[in-house]
Amino acid sequence: MRLSSFVNLAMLILVSASTCASVALGVMAFSSSVAQASSFEAANNTVNEGSVISAEKQNQSVNFKRDEKINVAVAANFAKPLKSIAEQFTELTGIEVAVTVSSSGTLYAQIQHGASFDVFLSADRARPQALVDNNLVHHGNLVNYAKGKLAFVYAGDLSRESFSEISSKKSSERNCEQIARSSTGETTAQINVQLTDCLSKQLVQLMENPQNKVAIANPKLAPYGDAAQQTLQNLSLWQQFLPHRVMGKNVLQTLQFYTTGSVKGAFVAYSLALDLPADLSSNLPSKFNSVVNTKSADAVTVIVPVPETLYQPIIQSLVVNSKTVATLSPNLFEPLPIKNAAAPVDEPIHNDNVEPTRAFRLSDASGVSSPSLFVQYLMSQGVQHSLIEWGYEPTIASGVGN
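Each chain carries its own residue numbering, running from 1 in the direction its sequence is written. Totals for whole chains, interfaces and linings use all residues, but because this is a predicted model, local features are given only for residues with pLDDT of at least 70 and pairs of side-chain atoms are given and counted only at 80 or more. The side-chain numbers reported here are obtained from all heavy atoms of the structure, hydrogens and water having been left aside.

Draft legend 1. View of helix α8 (residues 223–234). We count a stretch as a helix when DSSP gives it H or I for four or more residues in a row; a strand needs E for two or more, and each element gets its number in order from the N terminus. The length a helix should cover is 1.5 Å for every residue beyond the first. With 12 residues, α8 should reach 16 Å at 1.5 Å per residue; the first-to-last C-alpha distance of 16 Å fits that figure. Relative accessibility thresholds used throughout: buried, under 20% of the residue-type maximum; exposed, over 50%; partly exposed, between the two (1.4 Å probe, protein chains only). Burial analysis of α8 places nine of its 12 residues in the buried class, the great majority of the element. Those residues of α8 that sit buried are Pro223, Tyr224, Gly225, Ala227, Ala228, Gln229, Gln230, Thr231 and Leu232. At the exit of α8 stands Ser236, carrying a positive phi of roughly 60°.

See below:
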């Protein structure tokens, strides 16, 4: 009996130990499940939180920005300002701007053959007007956006050479650049007369050397090349110029001919000339110094604004490339007028009567196409006035709107 009792007791102990072990394993498994569940829940909460944040950003994007892309074709002279303007526009609206740069003539031909540009910024008015006249775009989609200026750039040693023989004459004590910067109280007409005479002498001096070359953009493709040709013709120097001519596809290539030392001077957009370094000696190859017969230290760029009396005004226009009329007004990027009940109804709105802190809201642009918004931004007062820094006259100030 004792042996039997002992065996039963031993079996009972083993069963109890096994049960306890099973219970212990069960708790560990449960605890692990809880831990996994807690980790999953925490991770899920993180994901959900991220989803909420993402959703908020998406909703904000939907409310305030468009996830769209427009294609803009621009004449070479205006490429740099457009890049800055396009970046600002994208930051404000979310609308990306893909830019194609070429000569006005090349871009015009591409549009005639069906190129899918949304907006075409030409360096003249003739080509956008031709698109309207040929019923390729709506007549209401044509806008003047800037007035350009022509400049002649050359190596500074010419300044000293051209006036070495006449330095004793009071009227010729200054070089062309100094005349252009004149602040002696002379009228614009007087300065233009002096500048025209100075520019003519500089060109004659340059072309006395058969090796010297001068670059212009192709007059058939680039309005600035056409303006350069008009200038030389009005100075009665066109035939004399032809043996020295190097022709670029557009003003950017024309400027490159000068900066690399391939030519001694170049007619380019004034806006591009402003970006030239004063000292080109670090950029010029050694062969350039032998051509100009001067030391590198003397290779200083002189920028001469060509008098506007020598060429037709360069009115730069754009078109929204659509047969449907663009929505260009009211301009959603302009400040709202401050209501003033005391002011007469027909009294003009001055700058101090607008709300400067008005933020652009894409929700106000329902039904306005992205190309139309881009043109509105370009034509807004702030952007137009900034064109002065780029070497252009705004169409608002020059009175050459539509």
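Draft legend 2. Fine view of the layout of surface pockets. Think of a 1 Å grid over just the protein atoms. A cavity is a set of points where a 1.4 Å probe fits yet cannot get out, a pocket is an open set with protein on both sides within 12 Å along at least five of seven lines, and lining residues have an atom within 4 Å of a point. Grid points are joined across faces, edges and corners, and a volume is the space filled by probe spheres set on the points. A volume near 300 Å³ is recorded for the largest pocket. Lining the largest pocket are 13 residues, with Asn192, Leu195, Pro305, Val306 and Glu308 positioned closest to its centre. Here the element with the most residues in the lining of the largest pocket is helix α7 (residues 188–207); it accounts for four residues.

Draft legend 3. Molecular detail of empty space enclosed by the protein. Tallied over the entire structure, the rule returns one cavity of 30 Å³ or more. Together, Ala75, Ala76, Asn77, Ser102, Ser103, Ser104, Ala123, Ala222, Pro223, Tyr224, Asn250 and Val251 line the largest cavity. Residue type decides the class: Asp, Glu, Lys and Arg count as charged, Ala, Val, Leu, Ile, Met, Phe, Trp, Tyr, Cys and Pro as nonpolar, and the leftover types, Gly among them, as polar. Across the lining of the largest cavity, the residue classes break down as seven nonpolar, five polar and no charged.

Draft legend 4. Just the side chain of Arg127, in detail. Residue position: Arg127 is located in helix α4 (residues 126–133). The exposure class of Arg127 is buried, given its relative accessible area of 14%.

Draft legend 5. Fine view of the packing of aromatic side chains. Pairing of aromatic side chains here covers Phe, Tyr and the six-membered ring of Trp, requires ring centres within 6.5 Å, and sorts the geometry by plane angle: under 30 degrees stacked, over 60 edge-to-face, intermediate tilted. In total, this model carries 10 aromatic pairs according to the counting rule given. Geometrically, the ring pair formed by Phe89 and Phe374 is edge-to-face, given 5.3 Å between the ring centres and 85° between the ring planes. Of this pair, Phe89 sits in helix α2 (residues 79–93) while Phe374 sits in helix α13 (residues 370–378), and the two are 285 residues apart along the sequence. For Phe374, a relative accessible area of 0% translates into the label buried. Seen from their ring centres, Phe152 and Phe267 are 4.8 Å apart, and the 40° between their planes marks the pair as tilted. With Phe152 in strand β5 (residues 150–155) and Phe267 in strand β8 (residues 265–269), this residue pair connects regions lying 115 residues apart in the sequence. An aromatic cluster is built from Phe89, Phe333, Phe360, Phe374 and Tyr377, whose rings are joined through pairwise contacts.

Draft legend 6. How the structure looks around the packing of α2 against α13. Between N-to-C directions, angles cover 0 to 180 degrees, with each direction set by a line fitted to C-alpha atoms, over the stretch in contact for helices. In contact at an axis separation of 11 Å, α2 and α13 are set at 120° when each is read in the N-to-C sense. The pairing of α2 with α13 is recorded here as oblique in orientation. The two elements α2 and α13 meet at a crossing, and its hand is right-handed. Across the interface between the two elements, Leu82, Ile85, Ala86, Gln88, Phe89 and Leu92 from α2 touch Ser370, Leu373, Phe374, Tyr377 and Leu378 from α13. When describing relative orientation, an angle under 35 degrees is termed roughly parallel and one over 145 degrees roughly antiparallel, while 65 to 115 degrees is termed roughly perpendicular and anything else oblique. Definitions for this section: a left-handed crossing has its near helix turned counterclockwise from the far helix by less than a right angle. A right-handed crossing has that turn clockwise. Any two residues whose heavy atoms approach within 4.5 Å at even a single point are treated as in contact.

Draft legend 7. The arrangement of a nonpolar patch on the surface in detail. Side chains of Val99, Val101 and Leu252 sit close together on the surface and give an oily, nonpolar patch of about 200 Å² of accessible area. Looking at the secondary structure, you find Leu252 in helix α10 (residues 251–259). Taking relative accessible area as the criterion, Leu252 reaches 36% and is therefore assigned partly exposed. Note that patches include only residues with greater than 30% relative accessible area and no salt bridge, and the join distances are 9 Å for like charges and 5 Å for nonpolar side chains (Val, Leu, Ile, Met, Phe, Trp, Tyr). Residue exposure ignores everything except the shown protein chains as possible cover, and the areas themselves are Shrake-Rupley values with a 1.4 Å probe. A pair is scored as a salt bridge if a Lys or Arg side-chain nitrogen falls within 4 Å of a carboxyl oxygen belonging to Asp or Glu.

Draft legend 8. View of the pattern of salt bridges. Throughout the structure, instances matching the rule amount to six salt bridges. Residue Lys83 pairs with Glu87 through a salt bridge whose shortest N-O separation is 2.8 Å. Taken as a pair, Lys83 and Glu87 lie in helix α2 at a separation of four residues, close to a single helical turn. On the basis of relative accessible area, Lys83 is assigned to the exposed category, the value being 53%. When the shortest N-O distance is used, the salt bridge between Glu308 and Lys147 registers 3.4 Å. Here the residue Glu308 occupies a position in the loop between β9 (301–305) and β10 (314–320), and Lys147 occupies one in strand β4 (residues 142–148), the gap between them amounting to 161 residues.

Draft legend 9. Expanded view of unusual backbone geometry. Pro330 follows Ser329 through a cis peptide bond whose omega is -5°. Mapped onto the elements of the fold, Pro330 is located in the loop between β10 and α13. Despite not being glycine, Asn135 has its phi angle at roughly 60°, a positive value. Along the chain, Asn135 falls in the loop between α4 and β4. With a phi angle near 60°, Ser236 is a residue other than glycine that sits in the positive phi range. Tracing the backbone shows Ser236 in the loop between α8 and α9 (238–241).

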